[in-house]
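One-letter residues, chain by chain:
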Amino acid sequence: MENDMMPFFSVIVPLYNKERYVVRALKSIVAQREDDFEVIVIDDGSTDEGLSRARSISDLRIKIFSQENRGVAAARNEGVSLASGRWIAFLDADDLWGQDHLVELRRLVTRFPDAGLVGASPQEVAEGGDIEFVQNSSPGSLRRINYFEEAAIDIGVINTSSIAVNRAVFDVLGGFSDHRYGEDLEYWARVALEYPVAKSDRCTVVYFRGNGGAMEAMAKTAPSEVPPPTSLVDVSPSVAMLSVRLNGLSHQSALRMSVVRYINSRLVQGMRGSFIRGDMPSMKALRALCLPPLTGWRQRGWWLLTGLPSVVLSSVSRLRALFKKTYLKFKG
């Protein structure tokens, strides 16, 4: 029997060296129009003033815990273990919510009570950019989604700061896996294999770029530091997990076809990144890992392009970089 004192939402905020942003994030939580929630901040061994700034927000719903630095997956898992809510929502310490974010998530839960994961729509904004839109958005249309199909088109269809997961899902599937990056995408894929996913088209989340996030750090990694993949397991945590699970999916099932499309979309995204970096060995290696059937002009187009000789691809890549540099010079 559920405890009537149990909050509807537990909001987990992992914190590591985000002193400039954490107050903004926490204020956006306590300003929610939906007030049936608790907030659990897990300081993951910060070395800046982020912890003290989090403590400066006076609200009885905020509980702050500290641990030695073990990474964002461990911080989120620790938060889940301490949570008492029926649904677990997440907000990264450098993002923020519009005041109706939890209202929109609750609408989804009410409409789709069998869902394992629900999410509103995030909007990527450069740090310091205009965010007025997030407070003025109207209630969105609510729908079940095929996560793999939609993420194959837009990998950011949902993100960590835009979703909530039914507490029962963690009890069955466990928590986030410990990866250098991509632990969130791997978890969404794991959930989507087993549970319905529902989404609102209302934009209630601002996902900031330009504040030194993990994906920005990964984008700066030199090509020489990342060897070409030799199997799907080397591509990303989500692709590695799904490649193992493929054998258990019927070859004719719609789920398997959507998972294949998702995997190929991640390979194509990797091809594009390799092309921009001028890393032709990785581009060719990713092409060799594509699974039949390729779908859509983007997947087929990149597969055909990558089939060109490496010397041609290198020349085109250099021309592209030169054109972009010249364009930006004149534009500026």
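Going by the structure above, here's the rest.
Worth saying up front: this structure is predicted, and the values here are computed from it rather than measured.

**Quick look at unusual backbone geometry**
And then number 1: The linkage connecting P292 with the following residue, P293, adopts the cis geometry, with an omega of 0°.
And then number 2: Tracing the backbone through its elements, the reader meets P293 in the loop between helix 12 (280-288) and helix 13 (296-306).
And then number 3: Even without glycine at this site, N17 takes up a positive phi of about 55°.
And then number 4: Turning to its location among the elements, N17 is positioned in the loop between strand 1 (9-15) and helix 1 (22-30).
And then number 5: Accessibility expressed as a relative area gives 27% for N17, which makes it partly exposed.

**A word on helix 1**
And then number 1: Restricting attention to buried positions, one finds in helix 1 the residues V22, A25, L26, S28 and I29. Burial along helix 1 is one-sided: seen end-on, the buried residues are contained in an arc of 155°.
And then number 2: Looking at the buried side of helix 1, the elements it contacts are strand 1, strand 2 (37-44), helix 2 (50-55) and strand 5 (96-97).

**Quick look at the packing of aromatic side chains**
Centre-to-centre distance and the angle between the planes together describe a pair of aromatic rings.
And then number 1: Overall, the coordinates contain 12 aromatic pairs when judged by the stated rule.
And then number 2: Here the aromatic rings of Y147 and F148 are separated by 5.6 Å at their centres, their planes lie at 70°, and the arrangement is edge-to-face. For the pair Y147 and F148, one class covers both residues: buried.
And then number 3: Ring geometry for F170 against F176: centres 6.4 Å apart, planes inclined by 50°, an arrangement best described as tilted. F176 shares its class with F170; the two are buried.
And then number 4: An aromatic cluster of three or more residues is present, and its members are F90, F170, F176, Y187 and W188.
And then number 5: The residue whose ring lies beneath R106 is F8, and the NZ or CZ to ring-centre distance is 3.9 Å.

Calculation rules
Per chain, residue numbering runs from 1 following the sequence as it is written. Only residues with pLDDT of at least 70 get local features here, since the model is predicted, and only at 80 or more are side-chain atom pairs given and counted; chain-wide, interface and lining totals rely on the full set of residues. No hydrogens and no water enter the side-chain calculation; it runs on all heavy atoms of the structure. A run of H or I in DSSP counts as a helix once it spans at least four residues, and a run of E counts as a strand once it spans at least two, with each numbered from the N terminus. Only protein chains enter the accessibility calculation, which uses a 1.4 Å probe; a residue whose area is less than 20% of its type maximum is buried, one above 50% is exposed, and one in between is partly exposed. Working definition: the arc comes from the directions between the helix axis and the C-beta atoms, pointing outward to the latter. By definition in these notes, contact holds between two residues if any of their heavy atoms fall within 4.5 Å. Classification of ring pairs rests on two measures: the distance between centres of Phe, Tyr or Trp rings, Trp counted by its six-membered ring, which must be within 6.5 Å, and the angle between planes, read as stacked under 30 degrees, edge-to-face over 60 and tilted in between. By definition here, charges over rings are those cases where NZ of Lys or CZ of Arg is within 6 Å of the ring centre and within 35 degrees of the ring normal.

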